[in-house]
Amino acid sequence: MATHDAWALVCRLFAGGTPILRAVLSPREIAALPALGQAVKPTALDQRFVLCPYCHQQRAQVWGDGQRGRTCHCPECGPVAVAADDAVALRLDEDWLRRKLRLALAIDSRDGIDALADGVWRLGDARRSPVLLARELVRLWREPSLLERVRVAGRNIRVITPKPRETRGAPFGPGVEWLALEERFAFYAGGIAFIGMPGEPPDPQAGDPTTPVHGPFSADFRWVTLPDSPHGPIRLTEAQAGVFRALWSFRGEPRTAEQIMQRARLDSAKPIDVFKVKARDKGKPEAEGPLFAYRTLVVTQKRAGLYVMPCAAAATAARA
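Just so it is clear, the structure is predicted and the values come from calculations on it, not from any experiment.

Reading guide: rules and limits
Residues numbered from 1 in each chain as written. Predicted model: local features only at pLDDT ≥ 70, side-chain atom pairs only at ≥ 80, totals over all residues. Heavy atoms only, no water. Core = buried A, V, L, I, M, F, W, Y, C linked by side-chain atoms within 4.5 Å. Buried < 20%, exposed > 50% of the residue type's maximum accessible area, 1.4 Å probe, protein only. Helix = DSSP H or I, 4+ residues; strand = E, 2+ residues; numbered from the N terminus. Pairing = 2+ DSSP bridges. Axes fitted to C-alpha atoms, helices over the stretch in contact; angles between N-to-C directions. Contact = heavy atoms within 4.5 Å.

A. Highlighting the nonpolar core. In terms of nonpolar packing, the biggest core is built from 34 residues, with Leu-36, Ile-160, Phe-185 and Ile-192 touching the most fellow members. Secondary structure elements with two or more residues in this core: helix H1 (2-16), helix H2 (27-36), strand E7 (88-92), helix H3 (94-104), strand E9 (120-126), strand E10 (129-134), strand E13 (185-188) and strand E14 (191-195). Per-element accounting of this core gives the leading share, 7 residues, to H1. By size, the runner-up hydrophobic cluster in this structure holds 30 residues, among which are Leu-236, Ala-264, Leu-291 and Leu-297.

B. Quick look at the sheet that holds strand E12 (residues 176-180). One open sheet holds the 5 strands; their spatial order is E8-E9-E10-E11-E12, and the pairing between them is mixed. This sheet does not close on itself; its edge strands, each paired only once, are strand E8 (114-117) and E12. Ignoring which end each strand starts from, the neighbouring axes of this sheet average 30° apart. Note: strand E11 (residues 157-161) against E12, 5 bridges, orientation parallel. Paired with Ile-160 across the bridge in E12 is Leu-179. Packed onto the sheet, H3 meets E9 and E10 and runs at close to 25° relative to E9.

C. Structural detail: unusual backbone geometry. In this structure, Arg-251 is a non-glycine residue whose phi angle is positive, near 55°. In this structure, Arg-251 sits in the loop between helix H7 (238-249) and strand E18 (255-256). A positive phi angle is found at Arg-265, which is not glycine, with a value near 60°. With respect to the helices, strands and loops of the structure, Arg-265 is situated in the loop between helix H8 (257-264) and helix H9 (285-297). Arg-265 gets classed as exposed once you look at its relative accessible area, which sits at 78%.

D. Representation of the sheet that holds strand E20 (residues 306-308) within the structure. Read from one edge of the open sheet, 3 strands run E18-E20-E19, paired in antiparallel fashion. The sheet is open, and its two borders are formed by E18 and strand E19 (299-301), each paired with just one other strand. Where E19 meets E20, 3 bridges bridge the pair, whose relative direction is antiparallel. Counterpart to Thr-300 in the pairing with E20 is Tyr-307.

So this is what it looks like as C-alpha cells:
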C-alpha cells in the first residue's frame, strides 16, 4: 500500500506541475514521503498568501497580528492563525523523474531529453522505440501530431503518463503502447524499475541482453541494472542469477536461507555465499558488481534469519 500511496503523490505532483502545500496532504501521503527519497523536495511558496489552515479550501492573504504572529483572513472562516508549517510546500524533482525513467527503460545515455511541448518530453529510444513522457493523456489525444513527430517505421511509440480515473484498456490505436506510471513502474533502492506485463516475452529485436524486464533484472536474471551502480549493468553468474530469481519468485515475502537456496537449487548455506569476493578478485568490477547488487537489493533480517527483496514486493504491488 505504501508503494501505491507514493506513486499517487508523485502522479499528483507531476500531473499538476506545481508544488502542493504539505498541510493538504493526507496522512497516507505523508507516510509515503520517506519512500520517495530525493524525488520530492520541500519548497517555499509566496508567503503573502496561504491556503486557509482551517478549511483548506480558500486562498487568503496573510497579515501580521501585531504579536509576532501571522493571521490569514479567509473569506469563509474569518481570521485564522497561520503557523510556519502552513506555508511549507512540496515539489516533484521532475529532472530526477525523467532520469530514473530513462534508466528503468535502459534508454541510451547518449540520447538527450527533448521538450516537444508544454508538459510533453521525448526521453529517448528504448529498444529502438521512441519514448514520450506527458503530464496527461488528453494532451496527446488533442495533439496527435506530437506522436507523428517521433514515429519510427516498424516500431511502437511508448507513452508514459499518470493513469486517469476514467481510462481503461489501450487508449491509443495500433503502434502506440501506453505505460501508466503507477502500474508499470516501481520504486526500489532510490530509483525506479520498469515492470513488464505478466507473461510478456522479451523483444526479439532488442538485441540487448541487459535490458531490465523483471524490475532491475534482465529477462534471464543474468544482468541487473541499478541507478547508483559504479559498474553500469552488472553481469551475474548462473548461481547469483539463481539466487535473485528465487528471491523474486517469493514476491517480497521474507524467506529463510534454506528456502531460498533450495528454490535456487544451490548447495551453499546462505545467499551471500555466492556473492563473496575472493582476495584475488578485490577491486574487479565483475566480482564487486554482483556483491554491490546483493547489498543494494537484499535486506537481511538477522535476528529472524530471514531474507527479503523489497523491489519484488514493489513490482507485485504495482501489478495488483
